[in-house]
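These are the residues of each chain, in order.
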Amino acid sequence: MNALYALFAVVALMLLAFLGVSTADLNVLFGAIVPYAAVSVFLIGVSYRVLKWATVPVPFRITTVCGQEKSLPWIKSSPLESPHNGVYAALRMALEVLAFRSLFRNTRISLAPDEKSIGGKRIVYSSNFFLWLGALAFHYCFLIILLRHFRFFTEPVVFFVPLLQDLDGFFQVGVPGVYMTGLIFVAAVGYLLLRRFSNPQVRYISLAADYFPLFLLLGIAGSGILMRYFFKVDVVKVKELMMGLIGFHPVVPDGIGSLFYIHLFLVCVLVAYFPFSKLVHMAGIFLSPTRNMANDNRAHRHINPWNYPVDVHTYEDWEEEFKDKLIAAGLPLDKG
Amino acid sequence: MSSEELDIKPEELLDFDYDPPQKDWMDPSVAFRKGTYCYSAAPKNLEYLGLPNPRDWQPHDKDWKLPPDWKETILDGMKDRLSKFRSFQLFMDICVRCGACADKCHFFIGSGDPKNMPVLRAELMRSVYRNDFTAAGKILGKLAGGRELTEEVLKEWFYYFYQCTECRRCSVFCPYGIDTAEITMMARELLNLVGCNINWALEPVANCQRTGNHLGIQPHTFKDSLEFFQDEIEDITGIKVNLPINKKGADVLFVVPSGDYFADPGTFTLMGYLMLFHEIGLDYTWSTYASEGGNFGLFNSHELIKRLNAKIYLEAKRLGVKWILGGECGHMWRVVNQYMDTMNGPADFLEEPVSPITGTKFENAKSTKMVHICEFTADLMQHNKLKLDPSRNDSLRVTFHDSCNPSRAMGILEEPRYVLRNVCKHFYEMPENTIREQTYCCAGGAGLGTDENMEMRMRGGLPRGNAVRHVQMKHDVNRLACICAIDRATLIPLVDYWAPGVEVTGVHELVGNALVMKGEKERELSMRGDPLNEMEDDEDV
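Here the structure is a predicted model, which is why all the values come from computation and not from measurement.

Chemist: Before we go on, may I ask you to explain the overall build of chain B in this structure?
Modeler: Helices and strands together make up the secondary structure of chain B, namely 23 helices and seven strands. Along the longest, intermediate and shortest principal axes, the C-alpha atoms of chain B span 75 × 50 × 40 Å. Split into buried and exposed, the 541 residues of chain B put 71% on the buried side. Here the contacts in chain B between residues at least 6 apart in sequence split such that 78% fall between residues at least 24 apart. Summing over all exposed atoms, chain B offers an accessible surface of approximately 16,200 Å²; the carbon and sulfur share of this is 47%. Here chain B contributes 61 positively and 80 negatively charged side chains, and the mean placements of these two sets differ by 5 Å.

Okay, structure coming up:
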């Protein structure tokens, strides 16, 4: 049901853009106003979120330790799993952000019959790289596709674009050459979506907000692929539009084709939706206290800005309360 | 009730699957089924600690006698904590529900109840957060995953947040490091605001506040207990070990969890400490005021952590020691390593810890000034300061259970293994998915180790029990070593249920067995009073 809501929402958004451009002639709205609005919402929204997180204090150093601490000099420590200083904490974070270290650990359990185990079953662990692989493929392809799009945003085209285009189109299949990232992207998002449907636990916990970005991404990728390979749009005019937007002199050329506006509108929705959704995990991960702090609690005192005095049963009161018993046991008293 | 008295057989307990029910998870209704929840905290304990809403009630009652403004109290409490703990605010916002954590929780693995998946446990609170603290939730409500805080939801929180042992295993697997323990701690603080607490977690706090330890042992009884162990040691070794209590000017204050001087098998570990310190001539002292290393405050609220923990530094200062040594305990070390210095430091009246025997500087503890006994003992062994006869443990085939907090909140993985390898010859690891940072909880931590919760404990104990059973079958393991006092209490029914024949032991109990003391008589008995090297025969009885 949640998936259907999300699918309807994305289809409705596509129709909105299509009808807006093809029947109501709202090219300026979809080609200029909406993109500006979306980027503004993104910038303000993400800044607000990050500032909000950053202004909340971190009262305790609660590193999740995943390896041997640095202790005695002859004991080998695991600085990337249990960083003992800021440099290693940064490296640990880099590993998390760039390689999805924690997800790489993922396993799957099942209960299998086993006559030697009490109760006749035992837990079997199997490796489960697919979530890691799917997530990694999705994120990296997304990044490369985004960077490739800089051919529309820069004049002269920034140096890395031809480089990426060459690499991405390495196999030189078809005309125009097929980009691998586009295909892998769709496959990866498709996998993440299928996983939500097919894994009973994941399906059980999935909200509309989990399906919506996936459908949205498929819509964006789908419209992009259609434009590139099947229903060509006027790329020169697209670039004219984008350069106008970037230079704050928006021009909306005629005859780009409504497919482009659908694509652009879905991108705008994604961008504007970003700060209000789980997609902010991209920014949030850097602030995660269990991952971005060193495990050096006993070597360096961490300060809690709102530390406050509490009611403690002091030694003096305690001695007073148990005086007779202390005397009877022959234990020394402070107040003779 | 022991696990043997649990009237559900393992086969019946395992008769479930992991398929979620038809019922939408947003439906909060919970059946408080006997054996799966803990009883309420007695009003006297709340009154002693000055906590809100003391009253007679039980979770299975229809009327929880909540204060009239309970909902406002909880929502205000949430707002307050969202502005004080970045962890809480962030973990409410960034979960993508990828499900990597889902099958990492021992309670989910042993029950199949989807609300025991860490992601869904957190969603129980996140749904209320979305409903009341986010724009999308306020406008779209249920469609945005929002849920109104009702009395039913509060009861559901109580059931599931007292069905999480704050072990942090899920946090290891989360790509954003979301730590369910943080969320559970917040939930329990909020529940405490309206008087919904459990006795097993709160009575120890009241006891500790008053007497200095969780078990409410008063100073004269404390001394009697230690003297009893002194006598036991004399029977076994012929040596009367020294027993300094409340000694001013000692080098080191030694703090242990009270379970170690209260009940077997912790007592055997404590005897190991006494022998070790006597043998190396350590100038140290026990304290009757700071007679607890553990801290059940951790299972209720940050404020209660601080109230109990304060005594350790206060006592170190009063006695004028140089530094502090801590015994084998799990959650105690979470508090010492991650909270103590911040809450009650700086300990600038102490010196940076240096072993008086080896001269080793414990640089990793230079601010908190508290050293773990396994660090201390491993250092002694590495410097060949101890004469050891590991063959005295030859009848023992040992495996090691990493306790949640020493592993995931501290990273003390190698020291206890080093000590074990020095004191016994037969040491076998459990499968790698079940040890070190991936270790499983005993399912009785965080105040849940009470007998009325036995069914849930055995369910949550399944993955640990399975792993123990595996090495029992493969290597004839008969001892499960650990460095946690809660483990030493809760693993016993667990192994009786899932791996019968295995006994639970502290690491320093085995040190005590192997330690060759100057002038000792020929050792015939183990710390347990069993004839050395004939213990194996007893195991089969």
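Chemist: Where do I start with the pattern of salt bridges in this structure?
Modeler: If the charged atoms of two oppositely charged side chains come close together, the side chains can form a pair. Counting across every chain of the model gives 53 salt bridges over all chains. One salt bridge connects Asp334(A) with Arg318(B), and the closest N-O pair in it is separated by 2.9 Å. You can see Asp334(A) sitting in the segment after α15 (323–328) and its partner Arg318(B) sitting in helix α14 (residues 302–319), one on each of two chains. Asp334(A) gets classed as partly exposed once you look at its relative accessible area, which sits at 35%. When the shortest N-O distance is used, the salt bridge between Glu123(B) and Arg130(B) registers 2.6 Å. Here the two residues Glu123(B) and Arg130(B) agree in accessibility, since each one is buried. A single salt-bridge network, built from bridges that share partners, covers Asp210(A), Lys278(A), Arg97(B), Glu123(B), Arg126(B) and Arg130(B).

Chemist: Would you explain unusual backbone geometry in this entry?
Modeler: Leaving glycine aside, a negative phi is the common case for residues, and trans is the common case for peptide bonds. Here Glu155(A) and Pro156(A) are connected by a cis peptide whose omega angle stands at 0°. Position of Pro156(A) among the secondary structure elements: in the loop between α6 (150–153) and α7 (160–168). Look at the link from Gly345(B) to Pro346(B): it is a cis peptide, with omega at -5°. Within the secondary structure, Pro346(B) sits in the loop between α15 (330–344) and β4 (370–372). Within the chain, Asn53(B) stands out as a residue other than glycine whose phi angle is a positive 60°. Locating Asn53(B) in the fold gives a position in the loop between α2 (43–49) and α3 (70–82). The phi dihedral of Arg436(B) falls on the positive side, at around 50°, and the residue is not glycine. Secondary-structure assignment places Arg436(B) in the loop between α18 (414–423) and α19 (454–460). Looking at Arg436(B), the relative accessible area reads 24%, which means it is partly exposed.

Chemist: Explain a negative patch on the surface here, please?
Modeler: Residue and element names in this part refer to chain B. Together, Asp7, Glu11, Glu12, Asp15, Asp17 and Asp19 line one region of the surface with negative charge. Here Glu12 shows up in helix α1 (residues 10–13). According to the relative accessible area criterion, Glu12 is partly exposed, its value standing at 45%.

Chemist: Help me out: how do you make sense of the sheet that holds strand β3 (residues 323–326) of chain B in this one?
Modeler: Each strand in a sheet pairs with its neighbour through backbone hydrogen bonds, running either in the same direction (parallel) or in the opposite one (antiparallel). All names here are of chain B. With respect to topology, four strands assemble into an open sheet ordered β2-β1-β3-β4, the strand pairing being parallel. If you trace the sheet from one side to the other, it starts and ends with β2 (284–285) and β4, each paired once. Relative to β2, strand β1 (residues 252–255) runs parallel, the two sharing two bridges. The partner of Val252 across the bridge, within β2, is Tyr284. Strand contacts of α14: β1, β2 and β3, with the helix running at about 150° to β1, the strand carrying the most contacts.

Chemist: Help me understand a nonpolar patch on the surface, please; the structure alone is not making it clear to me.
Modeler: Taken together, the side chains of Met1(A), Leu4(A), Tyr5(A), Leu7(A), Phe8(A), Val11(A), Leu15(A), Phe18(A), Leu19(A), Ile139(B), Leu140(B) and Leu143(B) make up a nonpolar region of the molecular surface, amounting to roughly 1,200 Å² of accessible area. At the level of elements, α1 (2–22) of chain A together with α7 (135–140) of chain B are the ones that each hand at least two residues to the nonpolar patch. Considering every element that reaches the nonpolar patch, the biggest residue donor is α1(A), with eight residues. Structurally, Leu4(A) can be placed in helix α1.

Chemist: Would you explain the domain arrangement of chain B in this entry?
Modeler: Frequently, the measure chosen for interface size is the accessible area removed from exposure when the parts meet. Residue and element names in this part refer to chain B. Along its sequence, chain B is carved into domain 1 (3–30 + 52–196) and domain 2 (206–539). Its C-alpha centre places domain 1 at a distance of 32 Å from the equivalent point of domain 2. With 34 residues of domain 1 in contact, the opposing surface of domain 2 contributes 36 residues. Buried surface at the junction of domain 1 and domain 2, both sides included, amounts to about 3,000 Å², of which 62% is carbon and sulfur.

Chemist: Hey, could you run me through the packing of aromatic side chains in this one?
Modeler: By convention here, two paired aromatic rings are described through the distance between centres and the angle between planes. Throughout the structure, instances matching the rule amount to 55 aromatic pairs over all chains. With a centroid separation of 5.8 Å and an interplanar angle of 40°, the aromatic rings of Phe138(A) and Phe142(A) are classed as tilted. Note that Phe138(A) and Phe142(A) are positioned in helix α5 (residues 130–148) at a spacing of four residues, about one turn of the helix. Overall, Phe142(A) belongs to the partly exposed group, its relative accessible area being 30%. Geometrically, the ring pair formed by Phe150(A) and Phe153(A) is edge-to-face, given 5.5 Å between the ring centres and 70° between the ring planes. Separated by three residues within a single helix, Phe150(A) and Phe153(A) lie in helix α6, roughly one turn from each other. Taken together, Phe222(B), Phe254(B), Tyr261(B), Tyr273(B), Phe277(B), Tyr284(B), Trp286(B), Trp323(B), Phe362(B) and Phe376(B) form an aromatic cluster joined through their ring pairs. Over the face of the ring belonging to Trp306(A) we find Lys84(B), whose NZ or CZ atom lies 5.1 Å from the ring centre. The aromatic ring of Tyr440(B) is capped on one face by Arg169(B), whose charged end is 3.8 Å from the ring centroid.

Chemist: Please clarify how the side chain of Asp103(B) should be interpreted in this entry.
Modeler: Among the secondary structure elements, Asp103(B) is positioned in the loop between α4 (86–93) and α5 (106–111). Reaching out from Asp103(B), the side chain makes a polar contact with the backbone nitrogen of Ile109(A) at a distance of 3.1 Å. Among the polar contacts made by the side chain of Asp103(B), one reaches the side chain of Lys104(B) at a distance of 2.6 Å.

Chemist: Could you clarify how one ought to interpret the packing of helix α12 (residues 219–237) of chain B against helix α13 (residues 266–280) of chain B in this entry?
Modeler: For any two helices packed against each other, the geometry comes down to the angle between their axes and how far apart the axes lie. All names here are of chain B. At a closest axis distance of 10 Å, the pairing of α12 and α13 adopts a crossing angle of 75°. With respect to each other, α12 and α13 are oriented roughly perpendicular. Contact residues: Leu226, Phe229, Glu232, Ile233, Ile236 and Thr237 in α12; Thr267, Leu270, Met271, Leu274 and Met275 in α13. Tallied by class, residues from the contact of α12 with α13 come to eight nonpolar, two polar and one charged.

Chemist: Before we go on, may I ask you to explain the packing of α13(B) against helix α22 (residues 507–514) of chain B in this structure?
Modeler: All names here are of chain B. Contact geometry for α13 and α22: axes closest at 7 Å, N-to-C directions at 50°. Considering the angle they form, α13 stands oblique to α22. Note on packing geometry: the crossing formed by α13 with α22 is left-handed. Contact residues: α13 offers Phe268, Thr269, Gly272, Tyr273, Met275 and Leu276, while α22 offers His508, Glu509 and Gly512. In terms of residue class, the contact of α13 with α22 is made up of four nonpolar, four polar and one charged.

Chemist: Teacher, can you tell me more about the interface of chain A and chain B here?
Modeler: With 91 residues of chain A in contact, the opposing surface of chain B contributes 125 residues. Interface area for chain A against chain B, summed over the two sides, is near 9,300 Å², with a carbon-plus-sulfur share of 59%. Taken as a group, Ile118(A), Tyr204(A) and Arg298(A) account for 10% of the area that chain A buries against chain B, more than any other trio of residues on that side. Across the pair Asp311(A) and Arg307(B) runs a salt bridge whose closest N-O atoms are separated by 3.1 Å. The interface formed by chain A and chain B holds 69 residue pairs in polar contact (both at pLDDT 80 or more) in total. A total of five residues in the side of chain A that touches chain B trace back to one element, the largest contributor, which is helix α9 (residues 200–205) of chain A.

What counts, and at which threshold
- Residues numbered from 1 in each chain as written.
- Chains lettered and ligands numbered in written order.
- Predicted model: local features only at pLDDT ≥ 70, side-chain atom pairs only at ≥ 80, totals over all residues.
- Heavy atoms only, no water.
- Helix = DSSP H or I, 4+ residues; strand = E, 2+ residues; numbered from the N terminus.
- Buried < 20%, exposed > 50% of the residue type's maximum accessible area, 1.4 Å probe, protein only.
- Contact = heavy atoms within 4.5 Å.
- Areas by Shrake-Rupley, 256 points an atom, 1.4 Å probe, with all protein chains shown as cover.
- Lys, Arg positive; Asp, Glu negative; His and termini not counted.
- Charge placed at Lys NZ, Arg CZ, Asp CG, Glu CD.
- Salt bridge = Lys/Arg side-chain N within 4 Å of Asp/Glu carboxyl O.
- Patch = residues over 30% accessible without salt bridge, like charges linked within 9 Å, V, L, I, M, F, W, Y side chains within 5 Å.
- Pairing = 2+ DSSP bridges.
- Axes fitted to C-alpha atoms, helices over the stretch in contact; angles between N-to-C directions.
- Domains from an automatic or database assignment.
- Buried area = accessible area lost by both parts, 1.4 Å probe.
- Phe/Tyr/Trp six-rings, centres within 6.5 Å; stacked < 30°, edge-to-face > 60°.
- Lys NZ or Arg CZ within 6 Å of the ring centre and 35° of its normal.
- Polar contact = N/O pair within 3.5 Å; in protein donor to acceptor, adjacent residues only side chain to side chain.
- Parallel < 35°, antiparallel > 145°, perpendicular 65-115°, else oblique.
- Nonpolar A, V, L, I, M, F, W, Y, C, P; charged D, E, K, R; others polar.
- Left-handed = near helix turned anticlockwise from the far one by under 90°.

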